[in-house]
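# Reading the structure
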Amino acid sequence: MERKIRIREFRQEDLNRVIEIGKGFPPTSIEGGNRFTVKKVALWVDQVVGFLSGDIVFSEASINLLAVCPSFRRKGIAGALIDSFVSLSREKGAERVVLEVSSKNIPAVNLYRKKGFKEAYLRKKYYRDGSDAIVMVLPV
Ligand SMILES: CC(C)(COP(=O)(O)OP(=O)(O)OC[C@H]1O[C@@H](n2cnc3c(N)ncnc32)[C@H](O)[C@@H]1OP(=O)(O)O)[C@@H](O)C(=O)NCCC(=O)NCCS
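Heads up: these notes are all about the structure in this document. On a predicted model such as this, the values are computed, not experimentally measured, just so you know.

### Some remarks on the environment of Phe117
Relative to the assigned elements, Phe117 resides in the loop between α4 (106-114) and β6 (118-123). A C-alpha to C-alpha distance of 25 Å links Phe117 and Val18, two positions 99 residues apart in sequence. Those residues in contact with Phe117 that sit more than four places away from it in its chain are Ile63, Ile82, Val97, Leu99, Tyr112, Met136, Val137 and Leu138.

What follows is the structure, encoded as structure tokens:
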């Protein structure tokens, strides 16, 4: 299965597909960024099926957006995007990767745990639905 997944840099031509995949992400958050921002897409054979956006700011990297097309989930695609971002963070000299995830988002919490992230602390009632944000950290 791994062989079918390829990770490459996001390109402008991927935008509409990524908006579709990242339903709920404001398009400006997909398009935005600064000189620290890294955006990657995952391809299944030759179809864009996943997206990750993060920032690598000196010693600290953060994952800000991550989504996989519903019909391509549980194939290791998010895992491959995270691996690629973590490797790049390490190469650029980051010491840790941080992210925040809703305590209600069991698939994502499990995914990050599987990738070695540890729960650092909670931001109580951080989301509009009243759920807590879990801040998770991976030393790299
Ligand atoms: C969370 C998300 C990115 C996972 O993508 P994915 O490509 O399916 O993830 P992977 O196939 O790499 O999963 C790796 C591991 O994560 C965990 N996981 C993923 N989906 C899960 C689910 N629905 N239930 C429980 N655990 C799950 C499992 O441990 C899985 O390993 P396994 O398949 O060997 O059991 C995807 O469900 C998604 O896009 N969700 C909506 C957007 C979102 O919540 N983004 C994260 C915001 S922080």
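Here the narrative resumes, following the displayed structure.
### A few points about the side chain of Asp14
Within the secondary structure, Asp14 sits in the loop between β1 (5-9) and α1 (15-21). Judged by relative accessible area, which is 4%, Asp14 ranks as buried. Of the polar contacts made by the side chain of Asp14, one reaches the side chain of Arg8; its length is 2.8 Å. Once you skip the residues sitting within four places of it in the chain, Asp14 turns out to touch Arg8, Glu9, Val41 and Val48.

### Brief notes about the site of the ligand
The immediate surroundings of the ligand are formed by 18 residues, with Leu66, Arg74, Gly76, Asn105 and Lys114 found nearest. The contact in question runs from an oxygen atom of the ligand to an N or O atom on the side chain of Arg73, over 3.3 Å. Between the ligand and the protein, one listed contact pairs an oxygen atom with a backbone N or O atom of Gly79 at 2.9 Å. Contact with the protein chains removes 73% of the 930 Å² of surface that the ligand exposes when unbound. Elements that contribute at least two residues to the shell around the ligand include exactly β4 (60-68), α3 (77-91) and α4. By residue number, the principal contributor to the shell around the ligand is α4, which donates six residues.

### Overview of the environment of Asp129
With respect to the helices and strands, Asp129 occurs in the loop between β6 and β7 (133-139). As for Asp129 and Lys104, which are separated by 25 residues in sequence, their C-alpha atoms are 10.0 Å apart. Within the local environment of Asp129, its side chain forms a polar contact with the side chain of Ser131, the two groups lying 2.7 Å apart.

### A closer look at the pairing of strand β2 (residues 37-44)
Burial runs high along β2: seven of the eight residues are buried. Judged from the eight bridges that link them, β2 and strand β3 (residues 47-57) form a sheet pairing that is antiparallel. Paired with Val38 across the two strands is Gly54, which belongs to β3. The hairpin turn running from β2 into β3, its antiparallel successor, is two residues long, and Val45 in that turn takes a positive phi close to 55°.

### Points about the packing of aromatic side chains
One pass over the full model with this rule turns up five aromatic pairs. On the numbers, 5.7 Å between centres and 65° between planes, the contact of Phe10 with Phe51 is edge-to-face. You can see Phe10 sitting in the loop between β1 and α1 and its partner Phe51 sitting in strand β3, a full 41 residues away along the chain. One exposure class covers both Phe10 and Phe51, and it is buried. Both rings, one in Phe36 and one in Phe58, keep their centres 5.4 Å apart while their planes meet at 70°; by these two values the pair is edge-to-face.

Parameters and conventions
Numbering of residues begins from 1 in every chain and follows the order in which that chain's sequence is written. The predicted origin of the model limits local features to residues at a pLDDT of at least 70 and limits the giving and counting of side-chain atom pairs to 80 or more, whereas totals for whole chains, interfaces and linings rest on all residues. Remark: hydrogens and water are excluded; side-chain values derive from all non-hydrogen atoms of the structure. Helical segments are the DSSP runs of H or I of at least four residues, strand segments are the runs of E of at least two, and each set is numbered from the N terminus. Any two residues whose heavy atoms approach within 4.5 Å are treated as being in contact. The buried label goes to any residue with under 20% of its type's maximum accessible area, the exposed label to any with over 50%, and the partly exposed label to all in between, with areas taken from a 1.4 Å probe on protein chains only. Polar contact is defined as a pair of N or O atoms within 3.5 Å, subject to the rule that within protein one atom must be able to donate a hydrogen and the other to accept it, and that residues adjacent in sequence are counted only when both atoms are side-chain atoms. For each residue, the test is whether any non-hydrogen atom lies within 4 Å of the molecule or strand; if one does, the residue is near. Areas reported here follow the Shrake-Rupley algorithm with a probe of radius 1.4 Å; residue values treat only the protein chains shown as occluding. In this analysis, strands are considered paired if DSSP registers two or more bridges between them. Note on aromatic contacts: the rings of Phe and Tyr and the six-membered ring of Trp form a pair at centre separations within 6.5 Å, being stacked when their planes are under 30 degrees apart, edge-to-face when over 60 apart, and tilted otherwise.

Nothing here speaks to function; it is all geometry.
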